[in-house]
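These are the residues of each chain, in order.
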Amino acid sequence: MPFFRKFVALVALVVCASANAGAPKEIFWEDLIPKGHVQIDTQAQANHEGSEQNWVQPDLDAPVVKELNGQSVSIPGFVVPLEGDSEVITEFLLVPYFGACIHVPPPPPNQIVHVTIKDGVPIESLYDAIVVTGVISTETWSGEIAQVGYKMKAVGVAPFEL
Amino acid sequence: MLLIKLATKSLLNRKASALLTLFTIAISVMLLMSIERVRVDAKSSFSNTISGTDLIVGARTGDIQLLLSSVFRIGHANNGVSWKSYQFISEQRGVKWAIPMSLGDSHKGLAVLGTNKDYFEHYRVAKKQPLSFLQGHEFNHLFEVVLGAEVANTLGYQLGDEVVIAHGMGNTSFHNHDDNPFKVVGILKPTGTPVDKTLHIPLAAIDAIHGSHAHQHEPAQADANDHDHDHDHDHDHDHDHDQHDDVDLVGTPKQITAFLLGFDSPLYTLQVRRNINQYKDEALLAIMPGVTLRELWEMLSIVEKILLLFSIVVVLISLLGMLTSLLSSLNQRRRELAILRSVGARPWHIFTLISVESLLITGLGCIVGTALFYALMLLGADYLQSHAGISLNIALLSSYELMLLAAIMVAGFIVGLIPATRAYFYSLADGMSIKI
């Protein structure tokens, strides 16, 4: 069954890509950082952990690339599952390196994409990189801190191949 | 059609062995389907248990142990989280809600959870479904309890009933908190998760039933008709104190078992998780339920595969049993086949006849097996729900199960080809000159 689902996901990817007339733009993590912005080194900021400044998120004002809003893109990355059932994942964080959540300080907000996918995708192993295709948006959510980040409504997920 | 009729008649003529073969297949089909259904449902009822929670925080232990003890009530936590840490973390920017959880007490073997009102508002099961009330409402006073659906069902509690909480877990306790009965004010709708088996009381009440609070207001009531001025003053004081407790449902416990966190944005999860895991003042562990559930599946996948392997082997054995009985009956049926040949049956008629027989046995075996499977599910569902917390989904066959059945049919047909081929060559060679 997982193979079948994977196949369906692939077909959905192909169909959507052709429907949009022109393949989605392939982007990489560097493209999510605005040109000229000096990103705080996530390794370096590990020193002042626990302080009030970055309890919630390092580099709170990490800007996003506004031009990407509404564009159909595909981006490779690793999955940190948030929601799903025993078979599929419907909501996850896409991060640029595996273990982003465990061994090293997490990436700044403009290096995380919050992906939702309507019918979910089966993801066999969290160790494997995937390529997600969908419409990306730069969204502000109303919390205590006005915070901007990337959100994506994905239409397809495929295994990442070099 | 004629061949099917012949095959049926021939099978009916050998009722005993045919029926036995059929039942072997039926039972193996039942076994395979039950194992698969329980496996799939166990998995889904696990992953349906918690949803919409960004982090679970507890004392430092293993990821999976924290998940199991805090949400599934399997095993127990070895240590708690100090109230100070809880307050510090829940007041951080970006934290939308925090639900403290205090476990460890029980009522007739069912878990008692001390929590706050946010629990009813923010706790989510299966695909972000909120908890909803079948009857009544959430607790508003200190000694009020909200029951999970199954607690109310199995113990037969109604709104307004009084419940006594026992100290410690398990069915028997030597120390019941008899002096503080809880009034049932709400019953939750069934969710198919451990919530159904839980009694929810205000966090402050956990402290109250253990702590010194209980004997504070007793003297005041006993001496209520005493008109001594000084004592009246005391009485008023105590009364005020009680009212204060009624409003404050959280209180200030020394420690809690664990707590759940929700953030304004899921993007905060990674950073907060790291900060909690590196919290200097106390050894804490924060886990993301989605990630830890995945880890649990990966650990259990080997057991799953072994179970599946075993049930497939059982099906294979039953098919081999069918092969044996068909092959051994062939010798007895040489005369039958020879007579068929003499009345004009061609060798491939004989071949088809035997294949149809094996198909009939497997087909009937699958049907009877499915019927047995449903019977077993109906009988076992309650037991599994109450003992293992697995809610069985007694629905129509899923496409996966239909596929399993089809696979068994194909396997049965292929196995049937062997005696059919034997019979084909027998009928060519034997002719009618067989001597028995």
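S.K.: So what about the overall build of chain B? Which residues, and what values?
M.R.: Within chain B, the regular secondary structure consists of 14 helices and 14 strands. Put simply, chain B has 436 residues, and 49% of those count as buried. When contacts within chain B are restricted to residue pairs at least 6 apart in sequence, long-range pairs at least 24 apart make up 79% of them. When the accessible surface of chain B is summed, it comes to about 21,000 Å², and 61% of that surface belongs to carbon and sulfur atoms.

S.K.: Talk me through the overall build of chain A; I want residue IDs and the actual numbers.
M.R.: Each helix and strand counted, chain A has one helix and six strands in total. Scanning chain A from its N terminus toward the C terminus, one meets helices and strands in the order α-β-β-β-β-β-β. Taken over 162 residues, chain A has a buried fraction of 49%. Of all intrachain contacts in chain A linking residues separated by at least 6 positions in sequence, the fraction that spans at least 24 positions is 69%. In the structure as shown, chain A presents an accessible area of about 8,100 Å², 59% of it carried by carbon and sulfur atoms.

S.K.: Give me the lowdown on helix α3 (residues 63-72) of chain B, citing residues and values where you can.
M.R.: All names here are of chain B. The buried fraction of α3 amounts to eight of the 10 residues, a majority that puts the element mostly inside the structure. Within α3, the full set of buried residues consists of Ile64, Leu66, Leu67, Leu68, Ser69, Ser70, Val71 and Phe72. Taken from the residues just after α3, arginine 73 is the one with a positive phi, measuring 55 degrees.

S.K.: Tell me about a nonpolar patch on the surface, and please be specific about residues and values.
M.R.: On the surface, a cluster of nonpolar side chains totalling about 650 Å² of accessible area is made up of Met299(B), Leu300(B), Ile302(B), Val303(B), Ile306(B), Leu307(B) and Phe310(B). Its place among the elements puts Met299(B) in helix α11 (residues 289-332).

S.K.: Break down the confidence of the model for chain B for me, with residues and values.
M.R.: Residue and element names in this part refer to chain B. Taken as a whole, chain B shows an average pLDDT of 77; of its residues, 84% reach a score of 70 or greater. Taken element by element, chain B is modelled with least confidence in helix α8 (residues 218-222), mean pLDDT 38, and with most confidence in strand β1 (residues 55-59), mean pLDDT 88. Segment residues 212-246: pLDDT under 50, and 20 contacts once partners within four positions in sequence are set aside and those in other chains are kept. In the model output, the complex is listed with pTM 0.69 alongside ipTM 0.71.

S.K.: How would you summarise the nonpolar core if you had to cite specific residues and measurements?
M.R.: Residue and element names in this part refer to chain B. Core analysis: the biggest nonpolar cluster contains 30 residues, and Ile56, Tyr119, Tyr123 and Leu260 have the highest contact counts within it. Of all the elements in the fold, those that place two or more residues in this core are α3, β3 (95-107), α5 (118-122), β10 (182-188), β14 (284-287) and α11. With six residues, the single largest contributor to this core is α3. Setting aside chain neighbours within four positions, we find leucine 260 in contact with Ile50, Thr53, Leu55, Ile56, Trp97, Ala98, Ile99, Met101 and Tyr123.

S.K.: Give a description of the packing of α3(B) against α11(B) that names residues and reports values.
M.R.: Residues and elements named next belong to chain B. Here α3 crosses α11 at 110 degrees, and the two axes come no closer than 10 Å. With respect to their mutual orientation, α3 and α11 come out roughly perpendicular. For the crossing formed where α3 meets α11, the hand is left-handed. Every residue of α11 that contacts α3 at Asp63, Ile64, Leu67, Leu68 and Phe72 is listed here: Pro289, Thr292, Leu293, Glu295, Leu296 and Met299. Looking at side-chain class alone, the contact of α3 with α11 contains eight nonpolar, one polar and two charged residues.

S.K.: Let's hear about the pattern of salt bridges: which residues, and what values?
M.R.: All names here are of chain B. A complete count under the given rule lists five salt bridges over all chains for this structure. Among the salt bridges present, the one from arginine 14 reaches glutamate 357, with a minimum N-O distance of 3.1 Å. Pair noted here: arginine 14 is in the loop between α1 (2-13) and α2 (15-47) and glutamate 357 is in helix α13 (residues 347-388), with a separation of 343 residues, a long-range link. Two residues, arginine 39 and glutamate 304, come together in a salt bridge whose shortest N-O distance is 2.7 Å. Here glutamate 304 lies in helix α11 and arginine 39 lies in helix α2, a separation of 265 residues in the sequence. The residues arginine 39 and glutamate 304 share a single accessibility class, namely buried.

S.K.: A description of the environment of Asp207(B) should follow, citing residues and the corresponding values.
M.R.: Residue and element names in this part refer to chain B. With respect to the helices and strands, aspartate 207 occurs in helix α7 (residues 203-210). Accessibility expressed as a relative area gives 38% for aspartate 207, which makes it partly exposed. Between the C-alpha atoms of aspartate 207 and proline 253, which are 46 residues apart in sequence, the distance is 6.3 Å. If we skip the residues at most four places from it in the chain, aspartate 207 touches Thr252 and Pro253.

S.K.: Explain empty space enclosed by the protein to me, using residue names and the numbers behind them.
M.R.: For the coordinates displayed, the defined rule picks out four cavities of 30 Å³ or more. Taken as a whole, the largest cavity spans an internal volume of roughly 150 Å³. In this structure, the largest cavity is lined by 16 residues; those nearest its centre are Leu82(A), Glu83(A), Gly84(A), Gly290(B) and Leu293(B). No other element matches the five residues that α11(B) contributes to the lining of the largest cavity. Counted by class, the lining of the largest cavity contains seven nonpolar, six polar and three charged residues.

S.K.: Please set out the pairing of strand β4 (residues 110-115) of chain B residue by residue, giving values where relevant.
M.R.: Residue and element names in this part refer to chain B. Burial of β4 is extensive: six of the six residues sit out of reach of the surface. Examined bridge by bridge, β3 and β4 share four bridges and lie antiparallel to one another. By the bridge assignment, histidine 107 is partnered in β4 with leucine 110. Linking β3 to β4, which pair antiparallel, is a turn of two residues; within it lysine 108 sits at a positive phi near 50 degrees. Pairing between β4 and strand β11 (residues 198-202): five bridges, direction parallel. Within the sheet, the bridge partner assigned to threonine 115 lies in β11 and is proline 202.

The rules behind each value
Residues numbered from 1 in each chain as written. Chains lettered and ligands numbered in written order. Predicted model: local features only at pLDDT ≥ 70, side-chain atom pairs only at ≥ 80, totals over all residues. Heavy atoms only, no water. Helix = DSSP H or I, 4+ residues; strand = E, 2+ residues; numbered from the N terminus. Buried < 20%, exposed > 50% of the residue type's maximum accessible area, 1.4 Å probe, protein only. Contact = heavy atoms within 4.5 Å. Areas by Shrake-Rupley, 256 points an atom, 1.4 Å probe, with all protein chains shown as cover. Patch = residues over 30% accessible without salt bridge, like charges linked within 9 Å, V, L, I, M, F, W, Y side chains within 5 Å. Salt bridge = Lys/Arg side-chain N within 4 Å of Asp/Glu carboxyl O. pLDDT = per-residue confidence, 0-100. Core = buried A, V, L, I, M, F, W, Y, C linked by side-chain atoms within 4.5 Å. Axes fitted to C-alpha atoms, helices over the stretch in contact; angles between N-to-C directions. Parallel < 35°, antiparallel > 145°, perpendicular 65-115°, else oblique. Left-handed = near helix turned anticlockwise from the far one by under 90°. Nonpolar A, V, L, I, M, F, W, Y, C, P; charged D, E, K, R; others polar. 1 Å grid on protein atoms, 1.4 Å probe; cavity = no way out; pocket = protein on both sides within 12 Å on 5 of 7 lines; lining within 4 Å. Points joined across faces, edges and corners; volume = space filled by probe spheres on them. Pairing = 2+ DSSP bridges.

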